Amino acid sequence: MHNIDIEQKIISQFAKVGFVKLTNIQNQSYSIIRKKKNILLVAPTGSGKTEAAIIPIIVEIINNKPEKNKVSGIYITPLRALNRDIFERIIKYTKLEGLTAEIRHGDTTPIQKRRMIVNPPNILITTPETLAILVTNKSSRAILSSVKWTIIDEFHELIGNERGTHLTLSLERLQKLSRNEITRIGLSATLGDVDSSLKLLSGNSNNSKAIIDNTVREYDIEIKYLKGDLVDLSNLILKYVMKKRKTTLLFTNTRVEAESIGSIL
């Protein structure tokens, strides 16, 4: 298939999942991802970065026919709480094209783990810590020998700390396992030092590029003061969500607060 045909297929795939008009970051990145360059995508929250990375990869996997009983792509997120939301979106996209996606982290049951080894997904969603286990475990190493793509979400969370150092080691081990040259894609809403971040993402490879979307988003901000406890706050949030009937992203000051509000809701 000619390049222009594949790129048209990628654009059609974006439309199929709801992006009739590509966002800036999607429009700038898909042709570079097709060239298998390591790429760092920096764009505001809500700009479709996940889709910018995963949609071209799905098309490439289909075009090159996925190898049986092998993982083709790995989606890594440092925030396990985000896994479920990402998983639901990615499984939707993969199902549309007859592919499979599975999630693997510390809470995955032994039965689920065995199933993934026997019948591995085309795309595996995991965390940095679980990837470290996968690349050193004999049974899981076998299903990683054909990986072509890795996506690292929330890349800024891994810069300048032990988790990032650990992940870079796991990525190099993954490359040793795979017979293919693995393309790395980093996603971030904000980054201070893009050049250093790109070097961290790319490892030994010089085949890399950063794309930065500086689009300024408009916000409608409303300030409310609530005198009460977390139950009162949760009731206020619930009323807001029920009224808006839209997907809502809630930020809190601490993880404990997030878990408490989540439990009450």
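Here is what the cut-offs are and how they apply
Residues numbered from 1 in each chain as written. Predicted model: local features only at pLDDT ≥ 70, side-chain atom pairs only at ≥ 80, totals over all residues. Heavy atoms only, no water. Helix = DSSP H or I, 4+ residues; strand = E, 2+ residues; numbered from the N terminus. Rg over C-alpha atoms; globule rule 2.2 N^0.38 Å. Buried < 20%, exposed > 50% of the residue type's maximum accessible area, 1.4 Å probe, protein only. Contact = heavy atoms within 4.5 Å. Lys, Arg positive; Asp, Glu negative; His and termini not counted. Charge placed at Lys NZ, Arg CZ, Asp CG, Glu CD. Salt bridge = Lys/Arg side-chain N within 4 Å of Asp/Glu carboxyl O. 1 Å grid on protein atoms, 1.4 Å probe; cavity = no way out; pocket = protein on both sides within 12 Å on 5 of 7 lines; lining within 4 Å. Points joined across faces, edges and corners; volume = space filled by probe spheres on them. Nonpolar A, V, L, I, M, F, W, Y, C, P; charged D, E, K, R; others polar. Pairing = 2+ DSSP bridges. Axes fitted to C-alpha atoms, helices over the stretch in contact; angles between N-to-C directions. Phe/Tyr/Trp six-rings, centres within 6.5 Å; stacked < 30°, edge-to-face > 60°. Lys NZ or Arg CZ within 6 Å of the ring centre and 35° of its normal. Expected span 1.5 Å × (residues − 1). Polar contact = N/O pair within 3.5 Å; in protein donor to acceptor, adjacent residues only side chain to side chain. Arc of directions from axis to C-beta.

Trainee: Just to check I follow, could you spell out the overall build of the chain for this structure?
Mentor: The number of helices and strands found in the chain is 11 helices and seven strands. The globule rule puts the C-alpha radius of gyration for 265 residues at 18 Å, and the 19 Å found for the chain is close to it. With the principal axes as the frame, the chain shows a C-alpha extent of 60 × 40 × 35 Å. Of all 265 residues assigned to the chain, the portion counted as buried reaches 41%. Looking at the chain alone, contacts between residues at least 24 apart form 73% of all its contacts between residues at least 6 apart. Distance from the positive charge centre (39 side chains) to the negative charge centre (27 side chains) of the chain: 7 Å.

Trainee: Sorry if this is basic, but what is going on with the pattern of salt bridges here?
Mentor: Side chains bearing opposite charge may pair, as long as their charged atoms lie close to each other. Under the counting rule described, the total for this entry stands at nine salt bridges. Glu222 serves as the salt-bridge partner of Lys224, at 3.3 Å between the closest nitrogen and oxygen. A single burial state applies to Lys224 and to Glu222, both of which are exposed. Note that Glu259 is salt-bridged to Arg255, the shortest N-O span being 3.1 Å. With Glu259 and Arg255 both in helix α11 (residues 255-264), this residue pair falls four residues apart, about one helical turn.

Trainee: I tried to follow the layout of surface pockets on my own but got confused; where do I start?
Mentor: Unoccupied space between atoms shows up once a probe the size of one water molecule is rolled over them. Empty space within the second largest pocket amounts to approximately 220 Å³. Along the walls of the second largest pocket sit 17 residues, with Thr100, Asn119, Pro120, Pro121 and Asn122 positioned nearest its centre. The set of elements that each furnish at least two residues to the lining of the second largest pocket consists of β3 (101-104) and α5 (110-118). Along the lines of polarity and charge, the residues of the lining of the second largest pocket split into seven nonpolar, five polar and five charged.

Trainee: What is the right way to read the sheet that holds strand β5 (residues 149-152) from this model?
Mentor: Through backbone hydrogen bonds, the strands of a sheet pair up, either in parallel or in antiparallel fashion. Pairing is parallel in the open sheet, where seven strands are placed in the order β3-β4-β2-β5-β6-β1-β7. A single partner strand is all that each edge strand has here, and the edge strands are β3 and β7 (208-212). Averaged over all adjacent pairs, the angle separating strand axes in this sheet is 15°, with direction ignored. Inspection of the sheet shows strand β1 (residues 38-42) paired to strand β6 (residues 183-188) by four bridges, in the parallel sense. The residue bridging Val42 from the neighbouring strand is Ser188, located in β6. Running at roughly 135° to β3, α5 makes contact with β3 and β4 (123-126) of the sheet.

Trainee: Could you clarify how one ought to interpret the pairing of strand β2 (residues 73-76) in this entry?
Mentor: Regular strands place side chains that alternate from one sheet face to the opposite one. Taking every second residue as pointing to the same face, both faces of β2 are buried, with Gly73 and Tyr75 on one and Ile74 and Ile76 on the other. Alignment of β2 against β4, held across four bridges, turns out to be parallel. Each residue of the ladder has a partner; that of Ile76, found in β4, is Thr126. Where β2 and β5 come together, four bridges link them in parallel fashion. Among the inter-strand pairings, Gly73 is bridged to a residue of β5, identified as Trp149.

Trainee: It is not clear to me how empty space enclosed by the protein should be interpreted in this structure. Could you clarify?
Mentor: All told, the structure shown has three cavities of 30 Å³ or more when counted by the stated rule. Considering only enclosed or pocket space, the largest cavity measures out at about 40 Å³ in volume. Every residue along the wall of the largest cavity is listed here: Arg104, Met116, Ile117, Leu124, Leu134, Ser140 and Ile143. Residue assignment for the lining of the largest cavity shows that the elements contributing at least two residues are α5 and α7 (138-143). Looking at side-chain class alone, the lining of the largest cavity contains five nonpolar, one polar and one charged residues.

Trainee: Quick question: what am I supposed to make of the packing of aromatic side chains here?
Mentor: Describing an aromatic ring pair means giving the distance of the ring centres and the angle of the ring planes. Taken as a whole and judged by the stated rule, the model has one aromatic pair. Consider the rings of Phe14 and Phe19, whose centres lie 6.4 Å apart with planes at 85°: the pair is edge-to-face. Here the guanidinium or amino end of Lys36 rests over the ring plane of Trp149, the centre of that ring lying 4.0 Å away.

Trainee: I'm lost on helix α10 (residues 230-244) in this one. Help?
Mentor: In an α-helix there are 3.6 residues to a turn, and that puts residues three or four apart on one side. Look at α10: 21 Å from first C-alpha to last across 15 residues, which is about the 21 Å you get at 1.5 Å a residue. Its side-chain oxygen placed 3.1 Å from the backbone nitrogen of Val231, Asp229 serves as the N-cap of α10. Phi for Arg245, located one or two positions after α10, is positive at around 55°.

Trainee: Please explain helix α9 (residues 194-202) as it appears in this structure.
Mentor: Val194, Ser197, Leu198, Leu201 and Ser202 are the residues of α9 that are buried. Looking straight down α9, one finds that the buried residues subtend no more than 125° of arc, so they occupy a single side. Among the exposed residues of α9, those pointing more than 90 degrees away from its buried face are Asp195 and Lys199. Next to the buried residues of α9 lie β1, β5, β6 and β7. Two or three places before Asp195, at the start of α9, stands the capping residue Asp193, its side-chain oxygen 3.4 Å from that residue's backbone nitrogen. Immediately downstream of α9, the backbone of Gly203 shows phi near 65°, a positive value.

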